[in-house]
Amino acid sequence: MGSSIVILTGAGISAESGVDTFRDKGGIWSRYDLREVATPEGFAANPALVHGFYNDRRSQLSQVEPNAAHYALAQLERQYRGQVLLITQNIDDLHERAGSHNLIYMHGELAKALCAHCGSRHEWREALSVDIPCPDCRTKGALRPDVVWFGEMPYHMERIYEALSACNLFLSIGTSGSVYPAAQFVEEAAVAGAHTVELNLEPSENVYNFDEAIHGPASKIVPAYVDRILSGQVNA
């Protein structure tokens, strides 16, 4: 197997595009009770509230654009001679719009709906409500945002751990270091012998687990680090 880079991104990479973060001061969880809008129990208790919360966020996707950090990672995927896997905790579509293709949405996608009755998934850009039937099974009230809520298992974990166990370089970009299991990815990569790098606005909660840490705005430090990789200055 050739050289391999695994990249984890979090809310910090999209913050400069105008997407709300969750855990920062003034972030989404300072304004909403996550138990009401981001748990299966909250959805069962008040689906209209949950749909309204995600409808508002979905409608904002058309108002934001990828930034230089998103474009730099897409460039890395295109130009790097080895494998590049991008894992994002974000549910926005900015990586995809910037041109990334080898992409795992471990927390799901805001622009998709999941039917809780038949399990089908559908591209979804419009508002969701309990009155809309599933396009496949026609059950009303079963469609929900295709996002991973608290208490649910993130998507594609087997593929993620397989990639971490074989990577040469691991980058963590714009993450708080407090959300598990993603916060453990650096340890998995380190066990595999990878060089581990944190690229973040400020030190994360687990910054000391990384071999290297660079702090500053993602739109500045990510393109600069990608340039280092592509010019051969980073041993990946």
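Each remark here, short or long, concerns the structure printed above.
Our subject in this report is the structure included herewith. (Residues numbered from 1 in each chain as written. Predicted model: local features only at pLDDT ≥ 70, side-chain atom pairs only at ≥ 80, totals over all residues. Heavy atoms only, no water.)

### A short note on the pairing of strand β1 (residues 4–9)
In summary, the side chains of a regular strand alternate between the two faces of the sheet.
Line of reasoning, step 1. Burial of β1 is extensive: 6 of the 6 residues sit out of reach of the surface.
Line of reasoning, step 2. Every second residue of β1 is oriented toward a common face, with Ser4, Val6 and Leu8 on one face and Ile5, Ile7 and Thr9 on the other, all of them buried.
Line of reasoning, step 3. One ladder, built from 6 bridges, connects β1 with strand β2 (residues 83–88); its direction is parallel. Residue pairing for β2: isoleucine 5 is matched across the bridge by valine 84.
Line of reasoning, step 4. Pairing of β1 with strand β7 (residues 169–173), which is carried by 5 bridges, proceeds in the parallel orientation. Bridge assignment links valine 6 to a residue of β7, and that residue is phenylalanine 170. (Buried < 20%, exposed > 50% of the residue type's maximum accessible area, 1.4 Å probe, protein only. Helix = DSSP H or I, 4+ residues; strand = E, 2+ residues; numbered from the N terminus. Pairing = 2+ DSSP bridges.)

### Considerations on the packing of helix α5 (residues 68–79) against helix α9 (residues 218–230)
Line of reasoning, step 1. Close contact between α5 and α9 brings their axes to 7 Å; oriented N to C, the two are set at 15°. When the interaxial angle is binned, α5 and α9 end up roughly parallel. Both α5 and α9 take part in a crossing whose hand is left-handed. Residues Ala68, Ala69, Ala72, Leu73, Gln75, Leu76 and Gln79 of α5 pack against Ala218, Ser219, Val222, Pro223, Val226, Ile229 and Leu230 of α9.
Line of reasoning, step 2. Tallied by class, the residues present in the contact of α5 with α9 amount to 11 nonpolar, 3 polar and no charged. (Axes fitted to C-alpha atoms, helices over the stretch in contact; angles between N-to-C directions. Parallel < 35°, antiparallel > 145°, perpendicular 65-115°, else oblique. Left-handed = near helix turned anticlockwise from the far one by under 90°. Contact = heavy atoms within 4.5 Å. Nonpolar A, V, L, I, M, F, W, Y, C, P; charged D, E, K, R; others polar.)

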